[in-house]
Amino acid sequence: MSIVHRQATPPGTSPGAAAVGGTGAGPPGGAEQQVAVRLTGVSKRYGTGPRSVLALDQVSLTVGQGEFVCLIGASGCGKSTLLSLVAGLDSVTGGEVSVSGRVAMMFQEPGLLPWLTAAGNVELALRARKVSRPDRQRHTAELLKVVRLDGFGGKRPHELSGGMRQRVALARALAQGADVLLMDEPFGALDAMTRDLLHDELDRVCAEQTLTVLFVTHNVREAVRLGDRVIVLSSRPGRVIAEYQVPGEWSRGIDSPQTAKLAGTITERLREEMGRHGN
Amino acid sequence: MATDQALHGLDQLELGPAQPAADPGRIARKAWAAAWPKLLAIALVLAVWELVTLTGWKHYVLKGPAPVLSNLWSQLVHGQLWGIIGTTLQTAVVGYAIALLIGSVIGLLVARIPPLRAAVGSIITGLTTMPSVAWVPFAIVIFGESYQAILFVVILGAAPSIANGVITGVDYTPPLLLRAGKTMGLRGFALYRYLILPASLPAYVAGMKQGWAFAWRSLMAGEIVVPIVGQFSIGQALSVDQQNLDFTSTAAILIVILVIGVVVDTLFSKLDLTIRRRRGLLDPAATA
């Protein structure tokens, strides 16, 4: 398994060994569990001089392999910035990001290529990995089945509903052979009913594929419904201010009383944080 | 599993009812709906033309639609018009093909290499605004009164628009698709081959269409001015008719030029429509 480090200096990426001894938010029983994503004192500043903006300030967190971690915060907490840094789409200003394994990313918009069919979109991700043609076709069919879209492979994105497009995007992310899946409010644009069903689907797919997920949302209930752990970020700059473990034995329905209670606590904490900016 | 069933049901609901099969009556109605405004417009033009002739304005040269159309008919049936059209279209195809190649390559290079864009980006836009007839004397000075001179004018007319189409297409590739492509691991050539170039296709076709319009104008300008021995073209036919003060033949050939221009433009529009339909960029209600 490859481990990629992203450090402030020199900019860019370089392969190497996993950093040891991360501080801040981490998985339970940290030492025994393998770490998939580790951020150590990560800062990100956009621009230079007095007009620059500090998006992330000294963020440290670790995500264990197979763990589902939700990041939540008000506007301007740098959630999306954080995912871009982990994905390697952007470089850190300070600190270090290390990721073990392949990373795939999903956005709020599915980002499917409109000139390709659903199957074509999934296949392109396999082609980017240089998978041979017969393997590509077989694997594409399998992945469409995983997201329950077998029979829709020949449809173009505009012929599918929003929820179906997002499932094609999920299949495409899986086609990238990812160990770590970064999700940037992937269900934010969907109606509540579809979102609810996709939560169940995502649960199932993650269990089947043993994926590590870092999931950004501004929906507190969604975070509690999906996450093994919920990390709360402050706004401007983004810092880790709280962390909540979601007990595994819970009934995880979005409307379960346990979900509602924890969501209430987290919402309270978020409001406190927002109020700080109102003064 | 209950979730699966609910999900499958939701998919079916969201896709809506199946499209009704195409019936031949509907196709005929569509064709008629597209045709009658055009036919009406042509009839109106002919009527105005006939009225002007009836007023006796410039009666010593001006003729009505009937003699012009009958001249066109006899030129098509008995005369050399088909050969003339063939000569001109051949030049058009060769010139346009070279322009397509040159325009595409230059467009890609300029889009890809920032210093090159800074150097020649605005020049390309400037070239599209050059009146094509202005190139003709320049071409004759370099190539003499030759086929090459005409090709040169056609290429200079079309290539800048085509290059601009490529540049616009690359520039307007949606950033979200670029991010998606990069997280997929597409880099360098593969990113262009599988993402940026297909994403540029609509703008490229728009550039090709504009390039054709300019190529056709440039070709007429070149042919009218440059006589080539042994190659009697549409432009030369016009030139000879002008010397003979032959109104009916001049008007007949103008109709030919217009029809060819419209037919090719329609082909490009169809191509554009097909691409947009495949990408879901058409309002289904507007095209039903």
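Residues numbered from 1 in each chain as written. Chains lettered and ligands numbered in written order. Predicted model: local features only at pLDDT ≥ 70, side-chain atom pairs only at ≥ 80, totals over all residues.

### Remarks on the overall build of chain A
Part 1 of the argument: Counting its regular elements, chain A contains seven helices and 11 strands.
Part 2 of the argument: The buried share among the 279 residues of chain A stands at 47%. (Helix = DSSP H or I, 4+ residues; strand = E, 2+ residues; numbered from the N terminus. Buried ≥ 20, exposed ≤ 12 C-beta atoms within 10 Å, placed from the backbone.)

### Regarding the overall build of chain B
Part 1 of the argument: Check the secondary structure of chain B and you find 12 helices and zero strands.
Part 2 of the argument: Ordered by position from the N terminus, the helices and strands of chain B form the series α-α-α-α-α-α-α-α-α-α-α-α.
Part 3 of the argument: Here the C-alpha radius of gyration of chain B, 25 Å, is well above what a compact globule of 288 residues would show, namely 19 Å.
Part 4 of the argument: The principal-axis extents of the C-alpha atoms in chain B amount to approximately 85 × 55 × 30 Å.
Part 5 of the argument: Expressed as a percentage of contacts within chain B between residues at least 6 apart in sequence, the contacts between residues at least 24 apart total 76%. (Rg over C-alpha atoms; globule rule 2.2 N^0.38 Å. Contact = placed C-beta atoms within 7 Å.)

### Observations regarding the confidence of the model for chain B
Part 1 of the argument: Of the residues in chain B, 95% reach a pLDDT of 70 or more, and the chain-wide mean stands at 90.
Part 2 of the argument: Interface confidence in the predicted complex, given as ipTM, is 0.79; pTM for the same model is 0.81. (pLDDT = per-residue confidence, 0-100.)

### Remarks on the interface of chain A and chain B
Think of interface size as the accessible area that goes away when the parts come together; that is how it is often given.
Part 1 of the argument: Tallying the contact residues gives 26 residues for chain A and 25 residues for chain B.
Part 2 of the argument: Contributing elements (two or more residues each) for the side of chain A that touches chain B: β7 (103–106), α2 (118–128), α4 (162–175) and α5 (192–209) of chain A.
Part 3 of the argument: Counting residues per element, the side of chain A that touches chain B draws most heavily on α5(A), at four residues.
Part 4 of the argument: Of the residues that constitute the side of chain A that touches chain B, the class distribution is 14 nonpolar, six polar and six charged. (Nonpolar A, V, L, I, M, F, W, Y, C, P; charged D, E, K, R; others polar.)

### A few points about the pairing of β7(A)
Two faces, one strand: in a regular strand the side chains alternate between the faces of the sheet.
Residue and element names in this part refer to chain A.
Part 1 of the argument: What you see with β7 is no split at all: Val103 and Met105 on one side and Ala104 and Met106 on the other are buried throughout.
Part 2 of the argument: Sheet topology places β7 next to strand β8 (residues 180–184); four bridges connect them, and they run parallel. Note on β8: the bridge partner recorded for methionine 106 is methionine 183. (Pairing = 2+ DSSP bridges.)

### Concerning the sheet that holds strand β9 (residues 212–217) of chain A
All names here are of chain A.
Part 1 of the argument: With respect to topology, six strands assemble into an open sheet ordered β7-β8-β9-β5-β10-β11, the strand pairing being mixed. Of all the strands in the sheet, just β7 and β11 (240–245) have a single pairing partner and so form its edges. On average, adjacent strands in this sheet sit at an angle of 20 degrees to one another, irrespective of strand direction.
Part 2 of the argument: With five bridges joining them, strand β10 (residues 229–233) and β11 adopt antiparallel strand pairing. Bridging from a neighbouring strand, valine 232 pairs with alanine 242 of β11. (Axes fitted to C-alpha atoms, helices over the stretch in contact; angles between N-to-C directions.)

### Looking at the environment of A:Glu96
Part 1 of the argument: Relative to the assigned elements, A:Glu96 resides in strand β6 (residues 94–100).
Part 2 of the argument: Linking A:Glu96 and A:Gln7, residues 89 residues apart in sequence, is a C-alpha distance of 4.5 Å.

### Quick notes on the packing of helix α9 (residues 188–225) of chain B against helix α10 (residues 234–243) of chain B
Residues and elements named next belong to chain B.
Part 1 of the argument: At a minimum axis separation of 7 Å, α9 and α10 run at an interaxial angle of 50 degrees. Between α9 and α10, the angle falls in the class oblique. α10 is crossed by α9, and the crossing has right-handed handedness. Contacts from Met220, Gly222, Glu223 and Ile224 in α9 reach Ile234, Gly235, Gln236, Leu238 and Ser239 in α10. (Parallel < 35°, antiparallel > 145°, perpendicular 65-115°, else oblique. Left-handed = near helix turned anticlockwise from the far one by under 90°.)

### A short note on the pairing of strand β3 (residues 35–46) of chain A
Residue and element names in this part refer to chain A.
Part 1 of the argument: Within β3, nine of the 12 residues are buried, leaving the element largely enclosed by the surrounding structure.
Part 2 of the argument: Where β3 and strand β4 (residues 53–64) come together, eight bridges link them in antiparallel fashion. Looking across to β4, one finds that valine 42 is bridged to valine 59.
Part 3 of the argument: Linking two consecutive strands that pair antiparallel, namely β3 and β4, is a turn of six residues; a positive phi of about 80 degrees is found at glycine 47 within it.
Part 4 of the argument: Relative to β6, β3 runs antiparallel, the two sharing five bridges.

### So, the environment of A:Ala175
Residue and element names in this part refer to chain A.
Part 1 of the argument: Within the secondary structure, alanine 175 sits in helix α4.
Part 2 of the argument: By the C-beta count within 10 Å, which is 27 here, alanine 175 ends up buried.
Part 3 of the argument: Sequence separation between alanine 175 and serine 75 is 100 residues; the distance between their C-alpha atoms is 31 Å.
Part 4 of the argument: Filtering out sequence-adjacent residues up to four positions away, alanine 175 remains in contact with Val122, Ala125, Leu126, His139 and Leu143.

### A closer look at unusual backbone geometry
All names here are of chain A.
Part 1 of the argument: Positive phi is not limited to glycine here, since arginine 148 has a value of about 60 degrees.
Part 2 of the argument: Summarising the element assignment, arginine 148 is placed in the loop between α3 (133–146) and α4.
Part 3 of the argument: With 21 C-beta atoms packed within 10 Å, arginine 148 lands in the buried category.

### Observations concerning the packing of helix α4 (residues 81–112) of chain B against α9(B)
Axis angle and axis distance: for two packed helices, these are the angle between their axes and the distance between the axes, and together they describe the pair.
Residue and element names in this part refer to chain B.
Part 1 of the argument: At a closest axis distance of 10 Å, the pairing of α4 and α9 adopts a crossing angle of 135 degrees. Regarding the angle of α4 to α9, the classification is oblique. At the point where α4 passes α9, the crossing takes the right-handed sense. Here Thr88, Thr91, Ala92, Gly95, Tyr96, Ala99, Leu100 and Gly103 of α4 come into contact with α9, specifically with Met208, Gly211, Trp212, Ala215, Trp216, Leu219 and Glu223.
Part 2 of the argument: For the contact of α4 with α9, the per-class residue count stands at nine nonpolar, five polar and one charged.

### Comments concerning helix α5 (residues 114–128) of chain B
Part 1 of the argument: Taking 1.5 Å of rise per residue, the 15 residues of α5(B) would be expected to cover 21 Å, and the 21 Å separating its terminal C-alpha atoms lies within 8% of that figure.
Part 2 of the argument: Of all the bends in α5(B), the largest measures some 45 degrees and sits at B:Val120. (Expected span 1.5 Å × (residues − 1). Bend = angle between axes of the 7 residues up to and from the residue.)

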